[in-house]
Amino acid sequence: MKKWILFPFILLLFSFSCSDKKKQNNIPFTKDEIDIYVKKAMILHNIPGLALAVIKDNEIVYENYFGKSSLDKNNPVDENTLFRIFSATKLITSTAIFQLIQNEKLSLEDKISKYIDDLPQQWQEIKVKNLLSHSSGLPDIIRYKSTLTDGELMKKLFNDKMDFITGNQFRYNQTNYWLLTQIIEKITGRSFEDYILKNQFDTPFNEVLFSSNSQEVIPNRATRYFYNENKKEFEKDTNNNGKRGHSGNGLNITLKKFIEWNKKLDDNILLSNKIKSEMWKPFNFTNQKDVFLHGWSSIKVNGLNSYGFSGGNLAAFRKFVDSNTTIILLSNGYEIPAYDIIINDIARISIPKLKAQKLTKEEDIMRFITYRKFNKANQSFKKLKKENPNSSFDNLKWNINSIGNSYAYSKNNIENALDVFKFNAEVNSNWWISKASLAEVYEMKKDSLKAIENYNKAILLNKDNQWNYNEQMKNKIAELKSKQ
């Protein structure tokens with residue numbers, strides 16, 4: 001009898017517990033929370049202008065515009081501001097390829113020789129999926145002068161050696177997307193730009209257009225700025241990748257139109273759920289360690305999967321598919337890059353499941369380091385890693401390195417640079433760049449022994465000889481030893 005009396009009471013307690021848990025997992029954020037966060041981040045990273053949106057369950061739950069689109073004209077960023085999204089354009093190109101797959105005009109398994117004539121022997125086994133996943137092994141077109149004609153450039157590529165065996169690994173490469181342009185144009189009989197704009201954007205072309213030329217005068221386009229560390233001021237970007245760059249980095253778009261594009265993606269207007277699943281499927285690299293999808297990267301934030309890509313350290317588009325949340329960030333310059341850090345933290349603020357956990361923010365770690373509060377930075381970093389056990393924090397460690405470089409090379413403050421690089425080498429002890437950076441600053445301090453020690457550590461950690469940098473570090477060690 002007592003068991004039956006207790007059972008309803010236990011059931012009631014369980015009900016309250018579930019209700020409390022549900023409430024905790026649905027803690028709303030306020031607009032002010034994100035506004036305050038963004039304004040602080042813009043000051044810390046010295047970002048001229050920025051636009052940000054958060055879309056949840058197909059509803060815009062946050063949209064705002066900050067700063068200046070042009071510093072010399074003092075123009076504010078607003079809903080009419082066009083931003084270059086640089087390599088985030090590859091998401092649009094990938095979507096175009098999968099539209100052709102959906103319409104049975106193309107297959108991931110198709111060899112590119114089916115669409116591009118007279119390829120060299122070493123290119124014969126490259127497939128469409130290898131271009132999308134940056135696993136082709138092709139030489140990168142950025143090695144060559146942009147003034148070359150398409151024919152001249154293709155001839156150079158044909159005569160160059162492959163970087164690695166096709167399918168073995170991930171290596172980001174602009175050649176892949178230039179070839180995808182050629183495939184799209186071959187299949188559709190239309191220009192790449194015309195096909196994209198008419199199949200993905202139902203909009204006047206003054207709100208979305210292609211241009212990889214920073215010098216081109218385009219109404220309402222935000223000026224892209226580089227920060228000159230020596231002069232301590234922003235300078236206008238003068239880079240021009242020409243028409244060849246359109247599929248890899250050429251889209252210019254307003255935040256409003258990017259939001260509309262995302263809605264079409266969510267509503268299965270651009271692609272069906274089945275085809276999107278194929279696009280977001282990890283590519284099977286032979287080395288069995290690289291992770292990349294088909295034109296999209298995969299990033300975990302506190303256990304939540306997100307798909308997207310970023311461009312120019314300025315723009316980022318990220319979909320947290322399990323939470324039906326999309327975050328879009330557009331900006332036009334920086335002193336220290338911050339795009340993925342901001343996206344990750346906005347997710348921690350705006351996704352109820354994450355917000356309820358009161359998680360560590362990456363931006364707080366950057367702030368602690370900037371203000372030389374290394375003990376707090378260390379505690380926060382350890383907490384962040386504990387909360388994200390499967391993350392390598394690639395962007396965060398690069399951004400910390402950028403703070404050190406800023407001290408070392410523009411502010412002429414070697415001691416501050418040393419403290420930052422020591423911190424990075426401690427919390428990212430298996431990252432060869434942290435040891436190499438520490439070695440360089442010891443070299444600046446004329447401390448040959450510690451410079452040699454850290455160069456040797458960097459060489460041991462750089463097992464894949466990234467950027468062929470081990471030879472350079474060995475030469476530096478030899479040079480330092482000769483001076484002892």
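Just so we're clear, the structure is a prediction, and the values are computed from it rather than from any experiment.

Calculation criteria
Residues numbered from 1 in each chain as written. Predicted model: local features only at pLDDT ≥ 70, side-chain atom pairs only at ≥ 80, totals over all residues. Heavy atoms only, no water. Buried < 20%, exposed > 50% of the residue type's maximum accessible area, 1.4 Å probe, protein only. Helix = DSSP H or I, 4+ residues; strand = E, 2+ residues; numbered from the N terminus. Pairing = 2+ DSSP bridges. 1 Å grid on protein atoms, 1.4 Å probe; cavity = no way out; pocket = protein on both sides within 12 Å on 5 of 7 lines; lining within 4 Å. Points joined across faces, edges and corners; volume = space filled by probe spheres on them. Phe/Tyr/Trp six-rings, centres within 6.5 Å; stacked < 30°, edge-to-face > 60°. Lys NZ or Arg CZ within 6 Å of the ring centre and 35° of its normal. Arc of directions from axis to C-beta. Contact = heavy atoms within 4.5 Å.

Novice: Before we go on, may I ask you to explain the pairing of strand 12 (residues 325-331) in this structure?
Specialist: Here is the key point about a regular strand: its side chains alternate between the two faces of the sheet. For strand 12, the tally of buried residues reaches seven of seven residues, placing the bulk of the element in the interior. Here strand 12 shows no split at all, with Thr325, Ile327, Leu329 and Ser331 on one side and Thr326, Ile328 and Leu330 on the other all buried. Where strand 1 (residues 49-56) and strand 12 come together, seven bridges link them in antiparallel fashion. Pairing of Ala53 across the sheet is with Ile328, part of strand 12. Count of turn residues in the strand 11 (residues 315-320)/strand 12 antiparallel hairpin: four residues, of which Asn324 carries a positive phi of about 50 degrees.

Novice: Mind showing me how you'd approach the layout of surface pockets here?
Specialist: Where empty space is left in the structure can be found by rolling a water-sized probe over the atoms. Looking at the second largest pocket, its volume works out to about 510 Å³. What lines the second largest pocket is a set of 24 residues, among which Lys73, Ile218, Arg221, Ala222 and Thr223 lie closest to the centre. Among the elements of the structure, strand 2 (59-70) and strand 3 (75-76) are those that each provide at least two residues to the lining of the second largest pocket.

Novice: I would appreciate a short explanation of the packing of aromatic side chains in the present structure.
Specialist: The relation between two aromatic rings is expressed through the spacing of the ring centres and the mutual angle of the planes. Considering all chains together, one arrives at 20 aromatic pairs under this definition. Within the aromatic cluster, the residues linked to one another by ring pairs are Phe170, Tyr172, Phe283, Phe285, Phe292 and Phe309. Above the ring of Tyr177, the side-chain terminus of Lys90 is found at 5.6 Å from the ring centroid. Between the NZ or CZ atom of Arg244 and the centre of the ring of Trp178, over which it lies, the distance is 5.8 Å.

Novice: Please clarify how the environment of Ser272 should be interpreted in this entry.
Specialist: Mapped onto the elements of the fold, Ser272 is located in the loop between helix 9 (255-266) and helix 10 (273-279). A relative accessible area of 27% means that Ser272 is categorised as partly exposed.

Novice: Can you walk me through the sheet that holds strand 1 in this structure?
Specialist: Picture the strands of a sheet paired through backbone hydrogen bonds; they go either parallel or antiparallel. Spatial strand order, 3-2-1-12-11-10-9: seven strands in an open sheet with antiparallel pairing. For this open sheet the edge positions go to strand 3 and strand 9 (297-301), each flanked by a neighbour on one side alone. Summarising the sheet, strand 2 and strand 3 pair through two bridges and their orientation is antiparallel. Bridge pairing in strand 3 links Lys68 to Pro76.

Novice: Help me understand the sheet that holds strand 5 (residues 208-210), please; the structure alone is not making it clear to me.
Specialist: If you trace the three strands from one edge of the open sheet to the other, you get 4-8-5, paired in antiparallel fashion. Pairing within the sheet leaves two strands with one partner each, and these edge strands are strand 4 (83-84) and strand 5. Bridge analysis of strand 5 against strand 8 (residues 251-253) gives three bridges, and the strand direction is antiparallel. Within strand 8, the residue paired with Val208 across the bridge is Ile253.

Novice: Explain helix 5 (residues 150-159) here, please?
Specialist: Because the α-helix completes a turn every 3.6 residues, residues three or four places apart line up on one side. Among all positions in helix 5, only Leu153, Met154 and Leu157 are buried. All buried residues of helix 5 lie within an arc of 100 degrees about the axis, which places them on one face of the element. Facing away from the buried side of helix 5 by over 90 degrees, the exposed positions are Gly151, Lys155 and Asn159. Contacts made by the buried residues of helix 5 are with helix 6 (174-188).

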